Amino acid sequence: MAEIVVTRWIPDDAVKLLAEAGDVVVSPADRPLAPDELHEFVSGASAVVGMLHDRLDGALADAAGPGLKVVANVAVGYDNVDVPALAARGIVVTNTPGVLTDATADLAFGLLLAVTRRLGEGERLLRSRTPWSFHLGFLLGSGLQGKTLGIVGYGQIGRAVAKRAEAFGMEIVHSGRSGRGSVSFEELLARSDVVSLHCPLTPETRHLIDAAALRAMKPSAYLVNTTRGPVVDEAALADALEAGEIAGAALDVFEKEPEVEPRLLGRDDVVLSPHLGSATIETRTGMAVLAARNVVEVLGGRAPLTEVKP
């Protein structure tokens, strides 16, 4: 019987599906496993179901042993996976695309509204019991109608965000793919009132939003990040906010997650959420089930549903 190891809790629907293909062992630790713990945990596994905080690489495969056939990453991004190293060992790698598109787009647009309309600042004011009264200049934010949204990374999630923005009367420009609205990255930064990041994390996109990129944005512009934290240089972002180079930022992901650049924490022009892009019951269940289905297919000698090629 195949041994299937799961590095952290997943919904019961996915565990039941995995149990049809082998013995399932779920890590009892409610935290990311340290590398040595992870390697010990996967020893002897035929399949590993991993999370975005796990480093799934050649060292993990070697620790698992020659019986490892599939590594299923419960995420659409796979910057935590060394796909070439695993493929070189004959191990199939899968991810979970498509399932989380709408949930992440909803969250991105929610953050966009929160930062432009100062919702977090207003809630903190009320919770602190600070005296207030309505007047025409009170907590004025920025409207969206007629403004330009620049989308960096025009894949499924980027296009879903564009659809939502169009309903709010925004003009859309994007970089990274050809087609209507496609502009250079430099033009996107210069034109956009809101820049929303949806590109994968690669060596080329690490710190894509650096000090120079932030200076290229409008002083009235906002930055939204729901992709991967290291796409943004958080220290440079804090510097830019302190200097008034941009108007605000909304972040769901962080460069050294779960840590956050300390200077961002006390700023009213920053909205923060703890990696909630795909955090709906329906979406997280769908992601885990897709990962489980990939494992079942590979262990059954069939092609996976969503394979990641090197």
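Source: prediction; values computed, not measured.

Thresholds applied
Residues numbered from 1 in each chain as written. Predicted model: local features only at pLDDT ≥ 70, side-chain atom pairs only at ≥ 80, totals over all residues. Heavy atoms only, no water. Buried < 20%, exposed > 50% of the residue type's maximum accessible area, 1.4 Å probe, protein only. Helix = DSSP H or I, 4+ residues; strand = E, 2+ residues; numbered from the N terminus. Contact = heavy atoms within 4.5 Å. Phe/Tyr/Trp six-rings, centres within 6.5 Å; stacked < 30°, edge-to-face > 60°. Axes fitted to C-alpha atoms, helices over the stretch in contact; angles between N-to-C directions. Parallel < 35°, antiparallel > 145°, perpendicular 65-115°, else oblique. Left-handed = near helix turned anticlockwise from the far one by under 90°. Nonpolar A, V, L, I, M, F, W, Y, C, P; charged D, E, K, R; others polar. Pairing = 2+ DSSP bridges.

Examining helix α6 (residues 119-127)
Moving on, step 1. Along α6, the residues that are buried comprise G120, E121, G122 and L125.
Moving on, step 2. Buried residues along α6 sit against α5 (101-116).
Moving on, step 3. Of the residues flanking the end of α6, it is R129, one or two places downstream, whose phi is positive at about 60 degrees.

Thoughts on the packing of aromatic side chains
Pairs of aromatic rings are described using the distance from one ring centre to the other and the angle between the two planes.
Moving on, step 1. Tallied over the entire structure, the rule returns 2 aromatic pairs.
Moving on, step 2. On the basis of an interplanar angle of 45 degrees and a centroid distance of 4.7 Å, the ring pair of F109 and F168 is categorised as tilted. Taken together, the residues F109 in helix α5 and F168 in the loop between α7 (156-167) and β7 (171-175) connect sequence positions 59 residues apart.
Moving on, step 3. Residue classification places F109 among the buried residues on the basis of a relative accessible area of 5%.
Moving on, step 4. Ring centres of W132 and F138 lie 5.7 Å apart, and the angle between their planes is 10 degrees; this geometry places the pair in the stacked category.
Moving on, step 5. For W132, a relative accessible area of 48% translates into the label partly exposed.

Brief notes about the packing of α5 against α7
The geometry of a pair of packed helices is captured by two quantities: the angle between their axes and the separation between those axes.
Moving on, step 1. For the pair α5 and α7, interaxial distance at closest approach is 9 Å and the crossing angle is 50 degrees. In this view, α5 runs oblique relative to α7, as classed from their interaxial angle. Both α5 and α7 take part in a crossing whose hand is right-handed. Seen from α5, the contacting residues are T101, D102, T104, A105, D106, A108 and F109; seen from α7, they are Q156, I157, A160, V161, R164 and A165.
Moving on, step 2. In terms of residue class, the contact of α5 with α7 is made up of 7 nonpolar, 3 polar and 3 charged.

As for the sheet that holds strand β9 (residues 222-225)
Adjacent strands of a sheet form backbone hydrogen bonds with each other and so pair up, either parallel or antiparallel.
Moving on, step 1. Strand order in the open sheet made by the 6 strands is β7-β6-β8-β9-β10-β11, with parallel pairing throughout. Edge strands, defined here as strands with exactly one partner in the open sheet, are β7 and β11 (270-272). Across this sheet, the average inter-strand angle for adjacent strands is 15 degrees, counted without regard to direction.
Moving on, step 2. The sheet contacts of helix α10 (residues 234-242) involve β9, β10 (248-251) and β11, and relative to β10 the element is tilted by about 150 degrees.

Regarding the environment of L33
Moving on, step 1. Within the secondary structure, L33 sits in the loop between β2 (22-26) and α2 (35-41).
Moving on, step 2. For the pair L33 and V295, spaced 262 residues apart in sequence, the C-alpha separation works out to 21 Å.
Moving on, step 3. Those residues within four positions of L33 in sequence are excluded, and the remaining contacts are T7, S27, L38 and F41.

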